[in-house]
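Chain and residue survey
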Amino acid sequence: MKNILFVLALILSLSACSDTETATETPQQPNPSTSEPVTGKDQKLTAVHAAETIVIDGKADEAVWQKAEWQPLDNLWVGEMPDADDFQGKFKTAWTEDFLYVLAEIQDDTLVDIEPDGLLNYWDDDCLEIFVDADASGGDHTYSHNAFAYHLSLDGKAVDINPDSVFTYYNDHVKQARTQNGKTSVWEVAVKIYDEKYRDGAINAPNKLAAGGKMGFALAYCDNDYSKEREHFMGSVFIPGEDKNKGWIDAGVFGELRFGE
Ligand SMILES: [Ca+2]
Ligand SMILES: [Ca+2]
Ligand SMILES: [Ca+2]
Ligand SMILES: [Ca+2]
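Being a predicted model, the structure only gives us computed values, none of them experimental.

**Comments concerning the overall build of the protein**
Within the protein one finds two helices and 14 strands. By the burial criterion, 34% of the 261 residues in the protein qualify as buried. By sequence separation, contacts in the protein at least 24 residues apart represent 63% of the contacts at least 6 residues apart.

**Focus on the environment of Asp74**
In this fold, Asp74 is placed in the loop between strand S2 (71–72) and strand S3 (75–79). A residue is classified by how many C-beta atoms lie within 10 Å of it, and Asp74, with 14 of them, is partly exposed. Distance from Asp74 to Phe238, taken between C-alpha atoms, is 8.7 Å for residues 164 residues apart in sequence.

**Topic: the pairing of strand S8 (residues 158–161)**
As paired strands, strand S7 (residues 148–153) and S8 are joined by two bridges and run antiparallel to one another. In the strand pairing of S8, His151 is matched with Val159. Linking two consecutive strands that pair antiparallel, namely S7 and S8, is a turn of four residues; a positive phi of about 85 degrees is found at Gly156 within it. For S8 and strand S9 (residues 167–169), the ladder comprises three bridges, and the chain directions are antiparallel. Directly across from Asp160, in S9, lies its bridge partner Thr168. Turn length for the S8-S9 hairpin, with the two strands adjacent in sequence and antiparallel, is five residues, and the turn residue Ser165 shows positive phi of about 70 degrees.

**Concerning unusual backbone geometry**
Positive phi, close to 50 degrees, is recorded for Asn121, a residue that is not glycine. We note that Ala136 has phi near 50 degrees; this positive angle belongs to a residue other than glycine. Within the secondary structure, Ala136 is located in the loop between strand S6 (127–133) and S7. Looking at Ala136, the number of C-beta atoms within 10 Å reads 20, which means it is buried.

**Quick look at the nonpolar core**
Among the nonpolar cores identified, the biggest contains 57 residues, and Tyr101, Val102, Ile130, Val132 and Val191 are the most heavily contacted of them. Residue contacts for Val191: discarding those within four places in its chain leaves Phe99, Leu100, Val102, Ile130, Val132, Tyr150, His173 and Val174.

**Thoughts on the confidence of the model for the protein**
Averaged over all residues, the pLDDT of the protein equals 89, while 86% of them reach at least 70. Predicted confidence is poor over residues 4–33, with pLDDT under 50, and the contacts of this stretch with residues over four places away or in other chains come to zero contacts.

**A word on the environment of Phe259**
Of note, Phe259 is situated in strand S14 (residues 255–259). Contact partners of Phe259, with chain neighbours within four places excluded, come to Ala47, His49, Trp95, Leu209, Ala210, Ala211, Gly212, Gly213 and Lys214.

**Structural notes on the pairing of strand S10 (residues 174–181)**
Relative to strand S11 (residues 184–191), S10 runs antiparallel, the two sharing eight bridges. Within the sheet, the bridge partner assigned to Gln180 lies in S11 and is Ser185.

**Here we look at the environment of Lys208**
Mapped onto the secondary structure, Lys208 falls in the loop between S11 and strand S12 (214–223). Looking at Lys208, the number of C-beta atoms within 10 Å reads 10, which means it is exposed. Lys208 sits 16 residues away from Lys192 along the chain, and the two C-alpha atoms are 9.1 Å apart.

Cut-off values and rules
Residues numbered from 1 in each chain as written. Chains lettered and ligands numbered in written order. Predicted model: local features only at pLDDT ≥ 70, side-chain atom pairs only at ≥ 80, totals over all residues. Helix = DSSP H or I, 4+ residues; strand = E, 2+ residues; numbered from the N terminus. Buried ≥ 20, exposed ≤ 12 C-beta atoms within 10 Å, placed from the backbone. Contact = placed C-beta atoms within 7 Å. Pairing = 2+ DSSP bridges. Core = buried A, V, L, I, M, F, W, Y, C linked by C-beta atoms within 7 Å. pLDDT = per-residue confidence, 0-100.

This is the structure we're talking about:
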C-alpha cells in the first residue's frame, strides 16, 4: 500500500511539474513585432464637412483645408520604395452633399507625360489615382461600376475602364486643378460619387452624401521619371500579400472613409 501511495504521489508531482512547464511555455502577451499594418477597411479615415464653397483652383485657401488633417501616401504597391527626392505624397479629404474633395500634395522630381494617347498605358505617365466605392461594398470592380478608379492625368483628364472593358474618359465625374511650384504639385479635386447603378451613355444622378455615411476610398500616385513603365505606385492603404497592385481590381483593399461633421 505504501508503494502504491508513493507511486500516486510521484504521478501527481510529475503532472504538476508538467502543467507549470506548459504554462510558462505559452506566452499570453501578443508579440508586437508580428503585428501587421492597418489594412483595407480597418483603415478608418474621416472627411471633414466643408461649410463653404471649395473653389477648385489647386490652392488650399479654404478654411476646411486648414481643419482637415494630412494623411500619408506611403505604401508601396508597385516597384521599389522611392527615396524622398523621388517621391513624397500626402492628402486631405473633405465633403459636401454633392462632392468628395481631395487635396493632394505631391513632390515628384520629374513630371512626365510620355504616352501621347490619354487612353493608352495612362498609368505609365505620372498620375494621381482616386478610388471610390460609393457603398463600401468591396468586391471586384475591374469591369463594372461597383467602384471607380479615376486616373487623373497631368493634362487634366480622368480615365477608368468601362463595363465593356474599354478605357474611357470620365472627365465630367471629376473637377480638378493642379498648381506647381518647383517639384511640388498641389491637386485639388472634386469627385461626384456614382454607385454601381451608373450606366455609361445614360443620364445618371450622383449620390447625395450625408454626415455619418461612409464609402470605400483609396488614393495613389503613379510615379514615372525616365522609364518605359511607371517606376513606383504609392498608395494610401497597406495591401497584404505579394501582389499589391489590386486597387484597380478589388474594392475590398480600399480603406473606409466616413463623412464627418
Ligand atoms: Ca481651392
Ligand atoms: Ca519621381
Ligand atoms: Ca460598390
Ligand atoms: Ca514622376
